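Spelled out from the first residue to the last, the chains are:
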Amino acid sequence: MTKKGILLINLGSPRSTAVKDVKEYLDEFLMDEKVIDYRWIFRALLVQGIILKTRPAKSAEAYKTVWTEEGSPLIVITKKVQQKLQNLVDIPVEIGMRYAEPSIEMGISNLVEKGVKQIVLFPLYPHYAMSTTETVIEKAEEIRKQKFPDVRINYVQPFYNRDFYIDCLAESIREKLPENFDALLFSYHGVPERHIYKTDPTKTCNMNDCCYKDHHPSHAFCYRHQCFSTTEQVIRKLGLSKDKVIVSFQSRLGKDKWIEPYTDHTLETIPGKGIKKIAVVCPAFVSDCLETLEEISVEGQAQFLDAGGKDFNYIPCLNDDDRWIEVIRTLCEEQLEQFYFL
Ligand SMILES: C=CC1=C(C)c2cc3[nH]c(cc4nc(cc5[nH]c(cc1n2)c(C)c5CCC(=O)O)C(CCC(=O)O)=C4C)c(C)c3C=C
Ligand SMILES: [Fe+2]
Ligand SMILES: [Fe+2]
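Predicted model, so just to flag it, every value in this text is computed and none were measured.

A.B. asks: So what's going on with the packing of aromatic side chains? Residues and values would help.
C.D. replies: A complete count under the given rule lists twelve aromatic pairs for this structure. Aromatic pair F122 and F159: ring centres 5.5 Å apart, planes at 90°, arrangement edge-to-face. Taken as a pair, F122 in strand β3 (residues 118-123) and F159 in the loop between β4 (152-155) and α6 (163-176) lie far apart in primary sequence, 37 residues in all. One aromatic cluster in this structure is built from Y25, F29, Y63, W67 and Y99. The cationic tip of K244 hangs over the ring face of F181; the distance from NZ or CZ to the ring centre is 4.2 Å. Sitting above the plane of the Y262 ring, R252 keeps its charged end 3.9 Å from the centroid.

Okay, here's the thing in structure tokens:
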């Protein structure tokens, strides 16, 4: 029988917190045309001519605040997930990162060395975005065609609307919710608004009245829609009323308009509206990383408290929670079964 394997893909982190390593990482990341979708010359002018002059030093300082003895939290957590999943399944499990190392090519190559010919590749993002799921699949296909043409890959699809994932996320939030809170903030990673129009074939998403309200399958490519949909499903499971819930989008970069509302603006304005005690969860991320541990737990908390907030509770990502590992296993098994129909 053809040997199968699983490849878990996450975003990736710099090799170390040295400014040169952060610069190399940001160069690869931001020169990806699915992330900064300008014509090459304009992307190079912006990234190499402007962003890489100052951002690496600033980001390196931020990375230092979250870095662990074993390395970047994102990579350390992804390795733990790999180990736990490996204990549950009897086929090889490897990891790969879209940027920096271990690369997607290394991940595929490690599986191929173990005799694997059919790979289930799992981009570890609940929601579809051009800058995440799409770039992972494109990169993996490029590598497969060039270096491993006799290998087949099945891709795990975005899972933001799968019941068993929503159950798992809702339970992990329920366990960490403080007894008293004025609001639960769902802060998702943002994307430039333009990306939504590029990837939503229906072009129906009106930002002021996001297509998430329609729950129509043809809107599945609207990232903002998917984030609101996740929130709606989770709060239904938690039995929370909508007036206790806020959605916002974090981590914007550059001068373009990103999807709104922005998390930093939200954290600075809600204390003035009487919302003083909050819990914050970041469901666009399945592993804690710079954007959750530093931008939200440290910077975001400071913004909220400076604006008059009193109590800030960060709810961790799913990380290596056993229930999440089960979700991963189920999603991978669905794709493994698909090989039998080929
Ligand atoms: C969760 C999904 C993510 C989306 C969507 C996303 C889009 C996106 N990101 C940038 C720019 C940066 N993101 C950075 C870090 C970062 N981003 C994600 C995830 C998504 N990004 C993660 C998990 C991380 C953390 C990586 C880690 O090592 O912990 C960074 C680097 C850090 C910094 O300098 O701030 C940048 C830059 C853009 C432009 C974008 C969509 C177009
Ligand atoms: Fe939408
Ligand atoms: Fe990002």
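Next comes the rest of the write-up.
A.B. asks: Just give me the short version of unusual backbone geometry, but keep the residues and values in it.
C.D. replies: Outside of glycine, negative phi angles account for most residues, and trans bonds account for most peptide bonds. Here the amide bond leading from E101 into P102 is cis, since omega sits at 0°, within 30 degrees of zero. In this structure, P261 follows E260 across a cis peptide bond, with omega equal to 0°. The topology assignment puts P261 in the loop between β6 (245-250) and α9 (263-269). Although it is not a glycine, S251 adopts a positive phi angle of roughly 65°. Its location among the elements puts S251 in the loop between β6 and α9. The exposure class assigned to S251 is buried, which follows from its relative accessible area of 12%. Although it is not a glycine, N319 adopts a positive phi angle of roughly 45°. Mapped onto the elements, N319 comes out in the loop between β8 (311-315) and α12 (322-338). According to the relative accessible area criterion, N319 is buried, its value standing at 13%.

A.B. asks: How would you summarise helix α11 (residues 295-306) if you had to cite specific residues and measurements?
C.D. replies: Burial in α11 covers these residues: I296, S297, G300 and F304. End-on view of α11: buried residues confined to an arc of 100°, all on one side of the axis. Looking one or two residues beyond α11, the residue adopting positive phi is G308, at roughly 110°.

A.B. asks: Would you mind going over the site of ligand 1 in detail, with residue names and values included?
C.D. replies: In the region of ligand 1, 26 residues are neighbours, and S13, R55, S59, Y63 and L290 sit closest. Contact distances for ligand 1 include 3.0 Å between a nitrogen atom and a side-chain N or O atom of H189. Take L290: an N or O atom from its main chain is 3.0 Å from an oxygen atom of ligand 1. Computed on the free molecule, ligand 1 has an accessible area of 800 Å², of which 97% lies beneath the protein chains in the complex. Every element with two or more residues in the shell around ligand 1 is listed here: α1 (19-30), α2 (40-66), α5 (130-147) and α10 (290-293). For the shell around ligand 1, the leading source of residues is α1, giving four residues. Split by residue class, the shell around ligand 1 holds 16 nonpolar, eight polar and two charged. Counting contributing residues, the shell around ligand 1 receives three or more from each of domain 1 (4-159 + 322-341) and domain 2 (163-314).

A.B. asks: Please set out the UniProt feature "binding site: Fe(2+)" (unreviewed entry) in the protein residue by residue, giving values where relevant.
C.D. replies: Sequence positions flagged by UniProt for "binding site: Fe(2+)" (unreviewed entry) are, in local numbering, H189 and E291. The annotated residues occupy 103 residues of the chain but converge on a single region, no pair of C-alpha atoms lying more than 8.3 Å apart. You can see H189 is positioned in strand β5 (residues 183-189). Those residues in contact with H189 that sit more than four places away from it in its chain are Y223, F249, Q250, S251, W258, A284, F285 and E291. Its location among the elements puts E291 in helix α10. Once residues lying within four places of it in the same chain are set aside, the contact partners of E291 are H189, Q250, S251, F285 and I296.

A.B. asks: With reference to specific residues and values, describe the sheet that holds strand β1 (residues 4-10).
C.D. replies: With parallel pairing, four strands are arranged side by side in an open sheet as β2-β1-β3-β4. Two strands lie at the open edges of the sheet, namely β2 (93-97) and β4, each paired on one side alone. Adjacent strand axes in the sheet meet at a mean angle of 30°, parallel and antiparallel pairs treated alike. Strands β1, β2, β3 and β4 of the sheet are contacted by helix α4 (residues 104-113), whose axis makes an angle of about 165° with β1. Lying over the sheet, α5 contacts β1, β3 and β4, oriented at roughly 175° with respect to β4.

A.B. asks: How would you explain the domain arrangement of the protein if you had to name every residue and give the values?
C.D. replies: Entries for the protein in the domain assignment read domain 1 (4-159 + 322-341) and domain 2 (163-314). Distance between the C-alpha centres of domain 1 and domain 2: 23 Å. Taken together, the contacts link 33 residues of domain 1 with 28 residues of domain 2. Of the roughly 2500 Å² buried at the junction of domain 1 and domain 2 (both faces included), carbon and sulfur atoms supply 68%. Considering only the side of domain 1, the residues that lose the most area to domain 2 are H127, Y128 and R323, jointly responsible for 26% of the buried surface there. Applying the counting criterion to the domain 1 and domain 2 interface returns two salt bridges.

Scoring rules and cut-offs
Residues numbered from 1 in each chain as written. Chains lettered and ligands numbered in written order. Predicted model: local features only at pLDDT ≥ 70, side-chain atom pairs only at ≥ 80, totals over all residues. Heavy atoms only, no water. Phe/Tyr/Trp six-rings, centres within 6.5 Å; stacked < 30°, edge-to-face > 60°. Helix = DSSP H or I, 4+ residues; strand = E, 2+ residues; numbered from the N terminus. Lys NZ or Arg CZ within 6 Å of the ring centre and 35° of its normal. Buried < 20%, exposed > 50% of the residue type's maximum accessible area, 1.4 Å probe, protein only. Arc of directions from axis to C-beta. Near = heavy atom within 4 Å. Polar contact = N/O pair within 3.5 Å; in protein donor to acceptor, adjacent residues only side chain to side chain. Areas by Shrake-Rupley, 256 points an atom, 1.4 Å probe, with all protein chains shown as cover. Nonpolar A, V, L, I, M, F, W, Y, C, P; charged D, E, K, R; others polar. Domains from an automatic or database assignment. UniProt positions renumbered as here; feature names shortened; annotations may be inferred. Contact = heavy atoms within 4.5 Å. Pairing = 2+ DSSP bridges. Axes fitted to C-alpha atoms, helices over the stretch in contact; angles between N-to-C directions. Buried area = accessible area lost by both parts, 1.4 Å probe. Salt bridge = Lys/Arg side-chain N within 4 Å of Asp/Glu carboxyl O.

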